[in-house]
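# Commentary on secondary and tertiary structure
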Amino acid sequence: MPTLTLPDQMQGAVLPGDSTTKLECFPVPAPGHGEVLIRMKASTICGSDIRCIYHEHLGKGPEGYQGVIAGHEPSGQIVKVGPGCREFRENDRVIVYHISGCGICNDCRRGYMISCTSEKYRRAYGWQRDGGMAQYLLAEEKDLVHLPDELSYADGAQVACGFGTVYEGLEKIGISGNDAVLITGLGPVGLATAALCRKLGAAKIIGIDVVEDRMKLARDLGLCDETIKSGPDNVAEVRKLTGGHGVERAVDCSAHPAARATAIRATRKWGRIVLIGEGGKLEINPSPDMIHDQKTLYGSWVTSIWKMEELVERLVRWKLYPSELITHRFAIDKVSDAYALMASGKCGKVAVCFDEELSKN
């Protein structure tokens, strides 16, 4: 097989923090020990990029942006393998788990590199190390998951952060045919929640959002049985749709204080609620809202790499394709338009794509 000739330079997008993006030229990196070079095919935009980086550099600690190439939802094809790699080879289709941890702390040993405790070695793609908004990405082999042929690169880009985050949260609260589910916030994470709840057999799925475009998308895709405009009567409206009882399970994807309170208060006795949306505050009255009704409240942050692998297997089995939530695809030279649209909220998932994934527009 002829040796692939790689370019010396590539374009990459950085986020100055003033609601703009900036395209710069970067050298194409060479993989070192245990590393691979990936040709990007799809890199989707996460709401946390908008919240913590795009408008203003607000993130601290794990969300501290270091001025690197943006994008922490990458998927692509390996074009070069460094020495010491054990599993992955050139031409393999891969998804990148977007936090590279130290590998030896307790959280990393559990597969939760998101919670890696090493201040020195924990570096997230698109936050503290170069991410997927460029033609090429340098990744560590340990951070990779195989992408099956049944799934597109655009499907794979959403697995680690969006769908993986949701899957982890839903596994904590459990979803079955016994459950009516309330989802507060119908952005890309909320839509992913509805899609997974549908495949897990939820009896009724109710979504709440303030943006009519998102509510319409949830209905058009058949993800929600009912959608409700966000407002002060939401708890009563949800109870009316559930025979006066409330839902068995609730998922907050909004991070909005009122929506979070609605998720808790619209859950029936003995129900379970999980908080996925990042940021914001929560104000409740513990006794009437939680204690007296014996409810359980969970927090859930991203996912583990083994759960991510499990989800990929389930997506193939269920014939569930995350790319169906993508409403807009952009080339790298239009990356500014991609981030601006995502920031507007008037869309589903937004992706920066390359090669065959861009031609699917």
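See the structure printed just above.
Basis of the calculations
Residues numbered from 1 in each chain as written. Predicted model: local features only at pLDDT ≥ 70, side-chain atom pairs only at ≥ 80, totals over all residues. Heavy atoms only, no water. Helix = DSSP H or I, 4+ residues; strand = E, 2+ residues; numbered from the N terminus. Rg over C-alpha atoms; globule rule 2.2 N^0.38 Å. Contact = heavy atoms within 4.5 Å. Areas by Shrake-Rupley, 256 points an atom, 1.4 Å probe, with all protein chains shown as cover. Lys, Arg positive; Asp, Glu negative; His and termini not counted. Charge placed at Lys NZ, Arg CZ, Asp CG, Glu CD. Pairing = 2+ DSSP bridges. Buried < 20%, exposed > 50% of the residue type's maximum accessible area, 1.4 Å probe, protein only.

This part takes up the overall build of the protein chain. Secondary structure summary: the protein chain contains 12 helices and 17 strands in total. Relative to the globule expectation of 21 Å for 361 residues, the C-alpha radius of gyration of the protein chain, 20 Å, shows essentially globular dimensions. Its C-alpha atoms give the protein chain principal-axis dimensions of about 65 × 40 × 40 Å. A separation of at least 24 residues holds for 69% of the contacts in the protein chain among residues at least 6 apart in sequence. On the protein chain, roughly 15,400 Å² of surface is accessible, and the fraction owed to carbon and sulfur atoms is 49%. With 43 positive and 46 negative side-chain charges, the protein chain shows a spacing of 4 Å between the two charge centroids.

Here we take up the pairing of strand S4 (residues 74–81). Inspection of the sheet shows strand S3 (residues 35–44) paired to S4 by 7 bridges, in the antiparallel sense. Looking at the pairing, Ser43 lines up with Pro74 of S4.

Where burial is concerned, most of strand S17 (residues 349–353) is hidden: 5 out of the 5 residues are buried. Burial of the side chains of S17 extends over both faces: Lys349, Ala351 and Cys353 are buried on one face and Val350 and Val352 on the other. One ladder, built from 3 bridges, connects S3 with S17; its direction is antiparallel. By the bridge assignment for S17, Ala42 is matched with Cys353.

Taken by themselves, the reported measurements are silent on function.
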